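Structure at a glance
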Amino acid sequence: MMIRERIEGGVATLTLDHPPLNVLTQALLGELREALRRLAKQSDLRAVVLAAAGRHFSAGADVAEHLPPTFRTLIPEFVETIERVFTFPLPVFAAVRGRCLGGGFELVQAADVVVAGESASFGQPEILLGVTAPIACVLLPRRVAPGVAAELLYTGDPLPARRALETGLVQRVVADAEVETEALALAARCARLSGAALRATKRTLLATMGEPRPDALRGAAALYMNEVMETHDAQEGLNAFLEKREPSWSHR
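Below is a short write-up of the structure.

What counts and what doesn't
Residues numbered from 1 in each chain as written. Predicted model: local features only at pLDDT ≥ 70, side-chain atom pairs only at ≥ 80, totals over all residues. Heavy atoms only, no water. Pairing = 2+ DSSP bridges. Helix = DSSP H or I, 4+ residues; strand = E, 2+ residues; numbered from the N terminus. Contact = heavy atoms within 4.5 Å. Axes fitted to C-alpha atoms, helices over the stretch in contact; angles between N-to-C directions. Expected span 1.5 Å × (residues − 1). Buried < 20%, exposed > 50% of the residue type's maximum accessible area, 1.4 Å probe, protein only. Salt bridge = Lys/Arg side-chain N within 4 Å of Asp/Glu carboxyl O.

1. Section: the sheet that holds strand β5 (residues 99–101)
Here we have 3 strands laid out as an open sheet, ordered β5-β7-β8, and mixed in their pairing. Strand pairing shows two members of the sheet lacking a second neighbour, β5 and β8 (159–160), which therefore form its edges. Relative to strand β7 (residues 121–123), β5 is paired through 3 bridges, and the arrangement is parallel. Across the sheet, the residue bridging to L101 is G123, located in β7. Across the face of the sheet, helix α3 (residues 102–109) comes into contact with β5 and β7 while running at roughly 90 degrees to β5.

Following this line, the structure appears as structure tokens:
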């Protein structure tokens, strides 16, 4: 099992446990979706905390699974996982320490509240591999100013925890050792409240902020699969990463 689940006092903690970097494989994503599906039906639940074992939250999706033909199943499954997090009927808190990159960062963007450790850094390095971050193109501008989202998506540069707090991407920054404790404390406050009121608040927030239409997320995924992955640069960038060499980009 790559997802550890603990339920205590009305709060479910789902911990990514795929050492050393909690890479988001199709198998891990499947476990996460199933856990969220079950938890959504629990009437006594009040909140979910997404956490990760080890020094780093996640290095992102499995690059090898991004290559043909696997990416055609990986991307739709990843979109479905993001949708389950984003539309979960109760508050979702993300507890992040260390590196939070690529698909791992996109997973965090789907949470309601983000608590980060001092060591945390957030980044979308897909552009460095000659591909895009389709989910982040939809979700990131909802969390930060458009210019901040554009800089992250265009450069692939990481955003340290304190800067992430300034942009509004992160709501709290604490010592690394206190990340899960802080996220659980926030979730425990929800556990004392009305489940009906929390669910209504979540529905209203989604409606007021403009819940991403399924066709927006799936459209971004379709563009990734049918256009981006058809380019020379996508294949070159991904293979160069796996082969630990510098990519040779096309001239167009």
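There's more to say after this.
2. Here's the deal with helix α10 (residues 232–243)
Compared with an ideal rise of 1.5 Å per residue, which puts 12 residues at 16 Å, α10 spans 16 Å between its outermost C-alpha atoms and is within 8% of the ideal. Regarding α10, the residues found buried are D233, A234, E236, G237, L238 and A240. Where α10 ends, the next residue or the one after it, K244, has phi of about 55 degrees, a positive value.

3. Overview of the pattern of salt bridges
Opposite charge on two side chains allows them to pair when their charged atoms are near. Under the counting rule described, the total for this entry stands at 14 salt bridges. For E5, the salt bridge is made with R38, and the minimal N-O distance between the two is 2.9 Å. One end of the pair, E5, is in strand β1 (residues 3–8); the other, R38, is in helix α1 (residues 26–39), with 33 residues separating them in the sequence. A residue is classified by how much of its surface remains accessible, and E5, at 33% relative accessible area, is partly exposed. Close ionic contact of E166 with R163 constitutes a salt bridge, the shortest N to O distance being 3.4 Å. Pair noted here: E166 and R163 are both in helix α6 (residues 161–167), with a separation of 3 residues, about one helical turn. Relative accessible area serves as the criterion here: at 60%, E166 is assigned to the exposed category. Salt bridges linked by common partners bring E5, E34, R37 and R38 together as one network.

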